[in-house]
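Report on the structure
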Amino acid sequence: MNELLLGMRLRGLQYRRVYAEASFGFAFRAKPGCAYFHFMATGTGKLRTENCEIQTLSAGNAVFLPQGSAHQIFSDPAVPVQDIDHCDVTTLSETVCAVEGCFSGTPHTIFFSGCMEFDLGGLHGLVPLMPEIMMIDATSQRYDELMPILAAMEQEARVGRIGDAGILARLADVVMAVIVRGWVECGCGNSSAFVTALREPKLSRAILALHRHPGHDWTVAELATESGLSRSVFAKRFQEVIGVSPLRYAGELRMRIARTWLACDRMSIESVADQLGY
């Protein structure tokens with residue numbers, strides 16, 4: 001599991017530091033293949049999902065939406081919301097901007113938002129199984145290692161020192177990675193056949209071999225040898241647990257890796273094909 005988690009990628013596309021008045025409302029569009037992160041530094045707000053579920057956000061709370069689903073953040077359900085992508089902003093860096101209302105004095109509410117490409121690498125199949133919303137309360141003991149990081153984010157957002165937005169973006173990446181790790185360590189809600197496979201020593205050895213050497217032209221017999229099972233027993237058990245055949249899994253893994261290398265690492269098609277055995 002640890003080795004597969006090393007393939008997790010979070011690449012920030014857009015971060016926003018939002019200064020809001022007492023009455024505010026913002027809408028965030030659905031972004032397939034991405035994840036959203038929000039941290040409430042000061043004040044309070046409410047988050048409403050597409051299915052109208054409402055969560056209250058207090059100062060110090062963080063919320064992670066791993067499936068990039070559409071949602072809204074507002075002070076009150078009766079307040080009209082505006083598309084966050086259409087708000088006037090001040091550019092702070094290539095990926096960070098500030099959304100500031102037309103008011104003077106101290107903002108009533110400050111929150112920091114991020115939208116990033118979210119790829120679990122070898123654990124990619126777990127993304128659809130993740131909860132739509134993952135809330136982290138400032139008093140939570142489940143993620144006690146996050147408390148100093150969230151406290152640092154609150155300080156950066158409140159004080160507004162030079163370079164605060166860039167530091168907030170980096171801290172947000174760490175918070176999201178820890179949230180995902182904690183969810184995986186807790187068994188992913190015990191809902192994943194993939195996690196079941198990783199808990200079986202024999203199957204996990206074959207899966208790890210596939211991820212370590214995705215460019216190898218694997219046969220079922222070779223994977224069975226890695227697992228220490230006969231070819232027929234291995235193929236049957238792999239299909240039962242994972243839901244696809246070993247070779248189909250290998251092919252889909254290569255395609256996911258190829259997309260990542262092309263989109264994120266800017267590798268050439270020729271280099272990707274060579275390294276993945278195409």
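Note: the structure precedes this text.
This section reports on the structure supplied with the text.

What counts, and at which threshold
- Residues numbered from 1 in each chain as written.
- Predicted model: local features only at pLDDT ≥ 70, side-chain atom pairs only at ≥ 80, totals over all residues.
- Heavy atoms only, no water.
- Helix = DSSP H or I, 4+ residues; strand = E, 2+ residues; numbered from the N terminus.
- Buried < 20%, exposed > 50% of the residue type's maximum accessible area, 1.4 Å probe, protein only.
- Contact = heavy atoms within 4.5 Å.
- Areas by Shrake-Rupley, 256 points an atom, 1.4 Å probe, with all protein chains shown as cover.
- Pairing = 2+ DSSP bridges.
- Salt bridge = Lys/Arg side-chain N within 4 Å of Asp/Glu carboxyl O.
- Core = buried A, V, L, I, M, F, W, Y, C linked by side-chain atoms within 4.5 Å.

The helix and strand tally for the protein stands at nine helices and 12 strands. In the protein, which comprises 278 residues, the share counted as buried stands at 46%. Pairs at least 24 residues apart make up 72% of the contacts formed inside the protein by residues separated by at least 6 positions. Accessible surface, the protein as shown: approximately 13500 Å² in total, 52% of it carbon and sulfur.

Quick look at the sheet that holds strand 4 (residues 45-49) now. Judged by pairing direction, the sheet is mixed, and its five strands sit side by side in the order 5-4-7-2-8 without closing on themselves. Both edges of this open sheet fall to strand 5 (54-57) and strand 8 (82-83), since each of them pairs with a single strand only. Note that strand 2 (residues 25-28) and strand 7 (residues 71-74) share four bridges and pair antiparallel. Pairing of Phe26 across the sheet is with Ile73, part of strand 7.

Time to look at the pattern of salt bridges. All chains considered together, the criterion is met by seven salt bridges. In this structure, Glu100 and Arg17 form a salt bridge, with 3.7 Å as the shortest nitrogen-oxygen distance. Residue Glu100 is located in strand 10 (residues 96-100), and its partner Arg17 is located in strand 1 (residues 9-20); the two are separated by 83 residues in the primary sequence. One connected set of salt bridges, linked through shared partners, spans Arg16, Arg29, Asp83 and Asp85.

This part is about the nonpolar core. Of all hydrophobic cores here, the largest spans 33 residues; its most connected members are Phe37, Phe64, Leu146, Leu150, Met153 and Val175. Going through the elements one at a time, strand 1, strand 3 (34-42), strand 6 (62-65), strand 11 (109-119), strand 12 (134-136), helix 2 (147-159) and helix 3 (164-185) are the ones with two or more residues in this core. Broken down by element, this core gets its largest block of residues, 11 residues, from helix 3. The residues contacting Leu146, other than those within four sequence positions of it, are Ile136, Val175, Val178 and Ile179. Among the nonpolar cores identified, the runner-up in size contains 23 residues, and Phe234, Ala250, Val272 and Leu276 belong to it.

On to the pairing of strand 11, then. Here strand 11 lies mainly inside the structure; 10 of its 11 residues are buried. Inspection of the sheet shows strand 3 paired to strand 11 by eight bridges, in the antiparallel sense. Paired with Thr42 across the two strands is Ile110, which belongs to strand 11.

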